[in-house]
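Here are the chains, one letter per residue:
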Amino acid sequence: MSEPVRVCRHCDEVITDPADAVAVHHELSNSGPGWTVWAHRDHAELVDVIDSDLLRIMLRIWSARAERP
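Residues numbered from 1 in each chain as written. Predicted model: local features only at pLDDT ≥ 70, side-chain atom pairs only at ≥ 80, totals over all residues. Heavy atoms only, no water.

Caption draft 1: Structural view of the overall build of the protein chain. Along the backbone of the protein chain there are 1 helix and 2 strands. Counted from the first residue to the last, the protein chain has its helices and strands arranged as β-β-α. Taken over the C-alpha trace, the protein chain has a radius of gyration of 17 Å; the compact-globule value for 69 residues is 11 Å, which it surpasses by more than 25%. For the protein chain, with 69 residues in total, the buried portion stands at 13%. Put simply, of all contacts in the protein chain between residues at least 6 apart along the chain, 32% involve residues at least 24 apart. If you sum the accessible surface of the protein chain, you get close to 5900 Å²; carbon and sulfur atoms cover 54% of it. Averaging the positions of the 7 positive and the 12 negative side-chain charges in the protein chain gives two centres separated by 13 Å. (Helix = DSSP H or I, 4+ residues; strand = E, 2+ residues; numbered from the N terminus. Rg over C-alpha atoms; globule rule 2.2 N^0.38 Å. Buried < 20%, exposed > 50% of the residue type's maximum accessible area, 1.4 Å probe, protein only. Contact = heavy atoms within 4.5 Å. Areas by Shrake-Rupley, 256 points an atom, 1.4 Å probe, with all protein chains shown as cover. Lys, Arg positive; Asp, Glu negative; His and termini not counted. Charge placed at Lys NZ, Arg CZ, Asp CG, Glu CD.)

Written out as structure tokens, the structure reads:
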């Protein structure tokens, strides 16, 4: 069985050295097990884990709840 191709989420380049690959997080899927998000060891802390659209929506919900009496 061949090794899966891992692509860095930060720089979008293929990770050629398996020792340099770091699992950043696991994204869920609507139909299936989802997938693991990978990054180069140097880029692991630079990857945005939170989806920006989701964060924007949640901030609106939280601020609306905070404004209620």
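Caption draft 2: Fine view of the side chain of H40. Looking at where H40 falls in the secondary structure, it is placed in strand β2 (residues 35-40). With residues near it in sequence (within four places) discarded, H40 still touches C8, C11, E13, V14, I15 and D20.

Caption draft 3: Region of the structure containing the nonpolar core. Membership of the largest hydrophobic core is limited to 5 residues, which are C8, I15, A21, A39 and V47. Setting aside anything within four residues of it in sequence, one finds V47 in contact with R9, H10, V24 and A39. (Core = buried A, V, L, I, M, F, W, Y, C linked by side-chain atoms within 4.5 Å.)

Caption draft 4: Molecular detail of unusual backbone geometry. Positioned with a positive phi, D12 is a non-glycine residue whose angle comes to about 60°. Within the secondary structure layout, D12 lies in the segment before β1 (21-27).

Caption draft 5: Seen up close, the pattern of salt bridges. Counted by the stated rule, this structure contains 1 salt bridge. The residue R9 makes a salt bridge to E27 at a minimum N-O spacing of 3.1 Å. Taken together, the residues span a long stretch of sequence, with R9 in the segment before β1 and E27 in strand β1 at a distance of 18 residues. (Salt bridge = Lys/Arg side-chain N within 4 Å of Asp/Glu carboxyl O.)

Caption draft 6: Structural context of the environment of D48. Along the chain, the position of D48 falls in the loop between β2 and α1 (52-67). Taking the C-alpha atoms as reference points, D48 and T16, separated by 32 residues in sequence, lie 22 Å from one another.

Caption draft 7: Main features of a nonpolar patch on the surface. On the surface, V49, I50, L55, I57, L59, I61 and W62 cluster together into a nonpolar patch covering about 650 Å² of accessible area. Secondary-structure assignment places W62 in helix α1. Overall, W62 belongs to the partly exposed group, its relative accessible area being 47%. (Patch = residues over 30% accessible without salt bridge, like charges linked within 9 Å, V, L, I, M, F, W, Y side chains within 5 Å.)

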